[in-house]
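Spelled out from the first residue to the last, the chains are:
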Amino acid sequence: MLHIKCPHCGIRSQNEFSYGGDATVKRPELGKEISDQDWDNFVYNRKSLRGKHWELWQHLSGCRQWIKVQRDTATHEIFKTLKANEEIS
Amino acid sequence: MTQSFRLESGGFINRDKKISFKFNGKNYYGYEGDTLASALIANGVHLIGRSFKYHRPRGFFGAGVDEPYAIVQLYRNGETEPNIKATEQELFEGLEAKSVNCWPSVNFDVGAINNFLKIFLPAGFYYKTFMWPKSFWYKIYEPFIRRAAGLGTASIKHDKERYEHKYEYCDVLITGSGPSGLASAYSAAKNGAKVILAEDKSRFGGTLLTSEVNIGNQSGKEWADSIISELKEMPNVTVKNRSQVFGYYDHNMLVMSERISDHLPKTKKFHPKQRLWYIRAKEVLISSGSIERPIVFGNNDTPGVMLSSAAKEYMKVYGVLVGKKPLVFTNNDSGYETAIEFKKNGIDPIILDTRKEPQSEIIEEAKNMNINIKNSYVVVAAQGYKKVKSADVAKISDNKEELGSIENIACDCICVSGFWTPTIHLASQSGNKTKFNEDIDAFVPGISKQNEKTLGAANGIYTLEETLKDSFEKGNLLSKKITNNENKISFPNVVEKKSTVHDKFWCVPLPKGKNYKRFLDFQNDVAVSDIEIALKEGYRSIEHVKRYTTLGMATDQGKTSNLNGLQLVSKIENKVVPAVGHTTFRPPYSPVSIGAIVGREVGKHSKPTRKSPMHSWHKKNNAVFVDAGVWLRPRYYKRGEENLFEASKREARNVRTNVGVCDVTTLGKIDIKGPDAAELLNRVYTNAWLKLPVGKARYGVMLREDGIVMDDGTTTRISENHYHMTTTTAQAANVLSHLEYYLQLVWPELNVNVVSTTEQWAGAAIAGPKSREVLKKLFPKSDVSNEGLPFMGYMEADLFGVKAKIYRISFSGELAYEVNVESDNGYFMWEKIIEAGEEFGIQPYGTEALSTLRIEMGHVAGSELDGRTIPYDNSLEGLLSKKKDFIGKRSLSRKAFAAEDRQKIVGVVPLDKKTSIPEGSHLVKDSNAPLPNPKLGYISASCWSVEHDNPFSLAILKDGKNMIGEKLFVMSPLKNKVIPVEIVSSHYVDPKGERVRS
Ligand SMILES: [Zn+2]
């Protein structure tokens, strides 16, 4: 079980969180034209990275905030966590 | 039976307390402090089971967790448990155990004919022989193999025992209470660190219990006892025996199983049987010691052949002799310690040492005791079937390849020592890449991956002095880092006998003309020849060899088999051992009971149960409940001898003709507040929301980004910036997360707050043509007329002093209202509704009638919104705004979603108007078409239409739009039904929706 540092609550066990996928995907703006290819990329296509990966988690059984977590998908090492409004650097 | 192999004195057992027990139906006794193994050996019982594959007789090989053979079926307090190691099971009064793997009995075993006929099952035997014909597997092969092999029998009864889970945090977790564990725990504890010290066995001390050493003028055991009692007094230390740390997981979380009651005849009241600890440790010190390695020789699986360290442990801890004519076969000094212990107890051992002229303090002592030592000697083969009777021995050449002439020595046990293998399972599980240590011919932990350090023998350090020094220091350093406190401990004076280097000899060659089985893996019956076959057949990777031959599988996890197997592969492959590598060590290190893993999450505790505030009323009124997610909801209210079908029909009919009331507390409710609330709704719902007036409700559909319907429900504008959203019972949590996702990550500029209020409101749906009459009585001061409270209207009203909210919305298709009050007033509200409705014939209705009503109305619910359908499929396309964008809209233009013959919801009626249609059935054009019959659609929900008094179903059907009036067949191979049906509109009742507006 992972140990995740919620930027709002501190270090908590993984079972308080739920996983939310790739954090680098940006939702296309509502009402803007978008090609089929770009839309498919947004909805379906994800890289399956081995290594460092920015991903979303929600602190479901805690503060309910969505957070950004940089995790190594192979070793599970967590390098950094950010609040929803903090930019990935 | 007398304990003819029990020594007059010695051991740490309590000879004042006799304990009687049964093995294979026979009565024996032992002493308090015995294991089942030590008590059986004391009684001269060495035949304990049959081997897994060949059904060869099996005795005892070890004295603890490393035991590969002595697995029994245990009976305790009316319960039975398989796969119990006799070497780990502590004796208790009334214990009963039976052999496994034998049929019909341990002494005569049908499976063993395989052995005598020499039709040995070679590597891959199962794959090769039992594969064809395929149809034979379930009926013939598997039952036969199961019966003849047997792996114990799991009880099919409900386990009455209680198992608990516990979460714990500590600074330093130490796994094992041998010298390294004690020393590191002591120094860490002295520095004020929060320490957990876990010991697998019942006694603390590890090898200190059996070795002839002195620490600070105390014997090893005395020193261990004094450290333990001091640790137990310290408030920052938790000391646990009978506790196995079996798994090392991510981020320094380890799991330990504590056997609280297994050693007692019966679990004490309010005590659990076992407790599983999830321990998050800042630092982990692995002090799991080492396991003696066998030497491979002919018939080395005969009962009486065992590890020399086990023989010593039986003498020193239990006062039990494993034999009276022992042969010690060793390649290092450890065998001498066992021989010396025999000699001290008046038994004359013979030592066969593979080394030519070894010299050390220990060897000197053995010589001084006049022990018969034969150098450059090996055991070629054990003789005897159910017990060792003698050993064929021979001199071996210096290059270890040529055997001299065979001599036979009478003996009743062969104690083997092939040096020591560090127990690196936990370190390896932590992600540590192990490295090969040439000096000890074994793998040791390499660079730490997590916060783990390995100490003492587990790290390949085999002298006590070095172990203690290293352990005191590591315990001190790691804890100091955490507590910023240092309490130096003076290092005690250590006296131990010096030993010399071991001989890297592990396998005795076969003598000419002999074809003895030489076993590597004793638990899984893997012999040298099996590995040879596997390699000949082209298996190269050690992971493949393992799976093909079963080497190191099951509970053994390579404890005794691993290294000799690797040695053999490396020899045949002409590679060095590290190049072969070892297989992955997986948790659990030792078997853990399913009960412990499940913990308290059994039966009603397997998930939380939510009850509405009206639950007790439902119960009093004969409600039959059903699980709806985590909620318990009335399915129907039973009257007299009614069954589900009759009751739900009565309830549904009463809604259509009079008035009914349904508990809808379980509906998800989300409170939405803020100046941008309307904007949020407009983005997440498919229809328009910006112009909804205050005091009005609207039905909405929410999509996922991929265009699939996520949920539906009504949302009401309570005031300017305040909305009340309802969701389906099942999707309540997901919808809230969904809204939070967009608000926090995608549109942080929207000024809106959302919060779940599901539990805050109790809800009752009052439905039926007479519902307004009921409402008038409930709210005499409010105008609930069709003008005062029109369809999709909302008002706040006074319910006899209680604040109530009335939503005029309908799921049943009838004139209907939903009344909400604060949860605490739910019961009051419900009673008032029943009271007011009495004169109008009100009846409560459950989820079954609720379903019937919505199905015949053609209202979609969870079985249609099943994560596979888009709005069009559910005839909800009218709710898709063309003027604005919303979540999921772009996906709806995908080709398949816009196809002309796209699936759509329809109604289905059987032609005979009698046969009910099973949910999940398929719709086909021709019931006699060859299989696989092309599927046109599926039945999503079925009911008995109370309006038409015949069966009615909803279906999702290909090209549903153009199928109305078609005749098709419903097929349910599961229920063996073929039903001719007609496709009709999904709106089977009041298709114009006039009733809800009446
Ligand atoms: Zn949090």
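Computed from a predicted model, the values in this text were never measured in an experiment.

Chemist: Can you lay out the overall build of chain A for me, pointing to particular residues and giving the numbers?
Modeler: A tally of helices and strands in chain A yields one helix and six strands. Across its three principal axes, chain A shows a C-alpha extent of roughly 40 × 30 × 25 Å. Evaluated residue by residue, chain A yields a buried proportion of 36% over its 89 residues. Contacts in chain A between residues far apart in sequence, at least 24 positions, make up 47% of those at least 6 positions apart. Surface summary for chain A: the accessible area is close to 5,200 Å², and the carbon and sulfur share equals 44%. Of the side chains in chain A, 14 bear a positive and 12 a negative charge, and the two mean positions are spaced by 7 Å.

Chemist: Break down the overall build of chain B for me, citing the residues and quoting the values.
Modeler: Along its length, chain B carries 23 helices and 50 strands. Considering only C-alpha atoms, chain B reaches an extent of 115 × 70 × 55 Å along its principal axes. Accessible surface computed for chain B: about 41,700 Å², of which carbon and sulfur atoms make up 52%. Averaging the positions of the 134 positive and the 117 negative side-chain charges in chain B gives two centres separated by 3 Å.

Chemist: Describe the sheet that holds strand 29 (residues 494–495) of chain B, with residues and values.
Modeler: Residues and elements named next belong to chain B. In spatial order, the strands read 11-10-29; together these three strands make up an open sheet with antiparallel pairing. Taken across any chain shown, the strands that pair with only one partner, and hence form the sheet edges, are strand 11 (218–219) and strand 29. In this sheet, strand 29 lies alongside strand 10 (residues 214–215) in antiparallel orientation, the contact comprising two bridges. Each residue of the ladder has a partner; that of Asn 214, found in strand 29, is Val 495.

Chemist: Break down the pairing of strand 48 (residues 950–957) of chain B for me, with residues and values.
Modeler: Residue and element names in this part refer to chain B. Buried residues dominate strand 48, accounting for eight of its eight residues. Here five bridges tie strand 45 (residues 904–910) to strand 48, and the two strands are oriented antiparallel to one another. Of the residues in strand 48, the one forming a bridge with Val 906 is Ala 955. Bridging between strand 47 (residues 937–945) and strand 48 involves eight bridges; their strand directions are antiparallel. The partner of Ala 941 across the bridge, within strand 48, is Leu 954.

Chemist: Please provide a residue-by-residue account of the side chain of B:Thr686, values included.
Modeler: Secondary-structure assignment places B:Thr686 in the loop between helix 19 (677–684) and strand 36 (697–703). Discounting chain neighbours no more than four positions away, the residues touching B:Thr686 are B:Val701, B:Leu703, B:Leu879, B:Leu880, B:Ser881, B:Lys884 and B:Phe886.

Chemist: I'd like a rundown of the nonpolar core, residues and numbers included.
Modeler: The nonpolar side chains of soluble globular proteins are, as a tendency, buried together. Residues and elements named next belong to chain B. The biggest cluster of nonpolar side chains holds 59 residues, and the ones touching the most others in it are Leu 36, Leu 40, Phe 60, Tyr 314 and Val 322. Sequence-distant contacts of Leu 36, that is, excluding residues within four places in its chain, are made with Phe 21, Val 72, Ala 86, Gln 89, Leu 91, Leu 95 and Ala 97. The next biggest cluster of nonpolar side chains, apart from the first, holds 31 residues, and it includes Val 784, Val 802, Leu 815 and Ile 833.

Chemist: Quick rundown of the sheet that holds strand 6 (residues 78–83) of chain A? Include the residues and the values.
Modeler: With respect to topology, four strands assemble into an open sheet ordered 3-4-5-6 (chain A), the strand pairing being antiparallel. The outermost strands of the open sheet, each flanked by one partner alone, are strand 3 (18–22) and strand 6 of chain A. Across the sheet, the mean angle separating the axes of adjacent strands is 30° when strand polarity is ignored. Two strands pair when backbone bridges link them, and strand 3 of chain A and strand 4 (residues 52–58) of chain A are joined in this way by three bridges, in the antiparallel orientation. Paired with A:Tyr19 across the two strands is A:Trp57, which belongs to strand 4 of chain A. Contacts from helix 20 (residues 732–746) of chain B reach strand 4 and strand 5 (66–72) of chain A within the one sheet, and its direction differs from that of strand 5 of chain A by about 85°.

Chemist: Can you break down the coordination of the zinc ion residue by residue, with the values?
Modeler: Residue and element names in this part refer to chain A. Taken together, the protein donors to the zinc ion comprise Cys 6 (SG), Cys 9 (SG), His 59 (ND1) and Cys 63 (SG), at separations of 2.0 to 2.3 Å. Of note is the zinc ion, whose four donor atoms meet at the metal with angles of 103 to 113° in an arrangement that counts as tetrahedral. The motif formed by the donor residues of the zinc ion, counted along the single chain, is C-x2-C-x49-H-x3-C. Here Cys 9, found in the loop between strand 1 (3–6) and strand 2 (10–13), pairs with His 59, found in the loop between strand 4 and strand 5; they are 50 residues apart in sequence, far enough to count as distant.

Chemist: Give me the side chain of B:Ser561: which residues, what numbers.
Modeler: Along the chain, B:Ser561 turns up in the loop between helix 13 (542–549) and helix 14 (562–573). Other than its neighbours up to four places away in sequence, B:Ser561 contacts B:Leu520, B:Asp521, B:Leu551, B:Gly552 and B:Asp556.

Chemist: I'd love a proper account of the interface of chain B and chain A, names of residues and values included.
Modeler: In this assembly, 28 residues from chain B lie in contact with 28 residues from chain A. Buried area between chain B and chain A, both sides added, is near 2,300 Å², and the carbon and sulfur share of it is 53%. Together, B:His251, B:Gln744 and B:Arg890 form the three largest contributors to the area buried by chain B at its contact with chain A, with a combined 27%. Taken together, the connections running from chain B to chain A amount to three salt bridges. Ionic pairing is found between A:Arg64 and B:Glu740, a salt bridge with its closest N-O pair at 2.7 Å. Taken together, the connections running from chain B to chain A amount to 18 residue pairs in polar contact (both at pLDDT 80 or more). Mapped onto the side of chain B that touches chain A, the elements with two or more residues apiece are strand 8 (163–175) and helix 20 of chain B.

Chemist: How would you explain the confidence of the model for chain B if you had to name every residue and give the values?
Modeler: Looking at chain B as a whole, the pLDDT averages 93, with 95% of positions reaching at least 70. Note on the complex model: pTM 0.89, ipTM 0.98.

Chemist: Give a description of the pattern of salt bridges that names residues and reports values.
Modeler: Residues and elements named next belong to chain B. Applying the stated criterion across every chain yields a total of 69 salt bridges over all chains. Here Glu 365 and Lys 497 are joined by a salt bridge, their closest N and O atoms 3.0 Å apart. You can see Glu 365 sitting in helix 9 (residues 361–368) and its partner Lys 497 sitting in the loop between strand 29 and strand 30 (519–521), a full 132 residues away along the chain. Salt bridges linked by common partners bring Arg 162, Glu 164, Lys 240, Glu 258 and Arg 275 together as one network.

Chemist: Pulling in residues and values, what's your account of the packing of aromatic side chains?
Modeler: All names here are of chain B. Tallied over the full model, the rule gives 23 aromatic pairs over all chains. Judged by centre distance (4.4 Å) and plane angle (35°), the rings of Phe 61 and Phe 522 are tilted. Placement of Phe 61 in the loop between strand 4 (57–58) and strand 5 (71–76) and of Phe 522 in the loop between strand 30 and strand 31 (526–527) is noted, with a sequence separation of 461 residues between them. Of the two residues, Phe 61 and Phe 522, neither departs from the other in class, the shared state being buried. Measuring from ring centre to ring centre gives 4.7 Å for Tyr 685 and Trp 689, while their planes differ by 20°; the resulting arrangement is stacked. When sorted by exposure, Tyr 685 lands in the same class as Trp 689, which is buried. Note that Lys 324 overlies the ring of Phe 5, its terminal NZ or CZ placed 4.5 Å from the centroid. Cation over ring: Arg 894 sits above Phe 897, and NZ or CZ is 5.7 Å from the ring centre.

Chemist: Can you tell me about the packing of helix 8 (residues 334–344) of chain B against helix 9 of chain B, naming the residues and giving the values?
Modeler: Residue and element names in this part refer to chain B. Contact geometry for helix 8 and helix 9: axes closest at 9 Å, N-to-C directions at 30°. Regarding the angle of helix 8 to helix 9, the classification is roughly parallel. Considering how the two elements wind past one another, helix 8 and helix 9 form a crossing that is left-handed. Seen from helix 8, the contacting residues are Tyr 336, Glu 337 and Ile 340; seen from helix 9, they are Ile 362, Ile 363, Glu 365 and Ala 366. Here the residues of the contact of helix 8 with helix 9 are counted per class, giving five nonpolar, no polar and two charged.

Chemist: Pulling in residues and values, what's your account of helix 23 (residues 847–857) of chain B?
Modeler: Residue and element names in this part refer to chain B. When you tally the buried positions in helix 23, you get nine out of 11 residues, the bulk of the element. Taken together, the buried positions of helix 23 are occupied by Thr 847, Ala 849, Leu 850, Thr 852, Leu 853, Arg 854, Ile 855, Glu 856 and Met 857. Residues of helix 23 that are buried sit in contact with strand 32 (623–628), strand 33 (631–637), helix 18 (644–657), strand 34 (660–663), strand 47 and strand 48. Once helix 23 ends, the next one or two residues include Gly 858, with phi positive near 80°.

Cut-off values and rules
Residues numbered from 1 in each chain as written. Chains lettered and ligands numbered in written order. Predicted model: local features only at pLDDT ≥ 70, side-chain atom pairs only at ≥ 80, totals over all residues. Heavy atoms only, no water. Helix = DSSP H or I, 4+ residues; strand = E, 2+ residues; numbered from the N terminus. Buried < 20%, exposed > 50% of the residue type's maximum accessible area, 1.4 Å probe, protein only. Contact = heavy atoms within 4.5 Å. Areas by Shrake-Rupley, 256 points an atom, 1.4 Å probe, with all protein chains shown as cover. Lys, Arg positive; Asp, Glu negative; His and termini not counted. Charge placed at Lys NZ, Arg CZ, Asp CG, Glu CD. Pairing = 2+ DSSP bridges. Core = buried A, V, L, I, M, F, W, Y, C linked by side-chain atoms within 4.5 Å. Axes fitted to C-alpha atoms, helices over the stretch in contact; angles between N-to-C directions. Donors = N, O, S within 2.8 Å, 3.2 Å for Na, K, Ca; no water. Tetrahedral: all angles 85-135°; square planar, octahedral: opposite > 155°, others 65-115°. Buried area = accessible area lost by both parts, 1.4 Å probe. Salt bridge = Lys/Arg side-chain N within 4 Å of Asp/Glu carboxyl O. Polar contact = N/O pair within 3.5 Å; in protein donor to acceptor, adjacent residues only side chain to side chain. pLDDT = per-residue confidence, 0-100. Phe/Tyr/Trp six-rings, centres within 6.5 Å; stacked < 30°, edge-to-face > 60°. Lys NZ or Arg CZ within 6 Å of the ring centre and 35° of its normal. Parallel < 35°, antiparallel > 145°, perpendicular 65-115°, else oblique. Left-handed = near helix turned anticlockwise from the far one by under 90°. Nonpolar A, V, L, I, M, F, W, Y, C, P; charged D, E, K, R; others polar.

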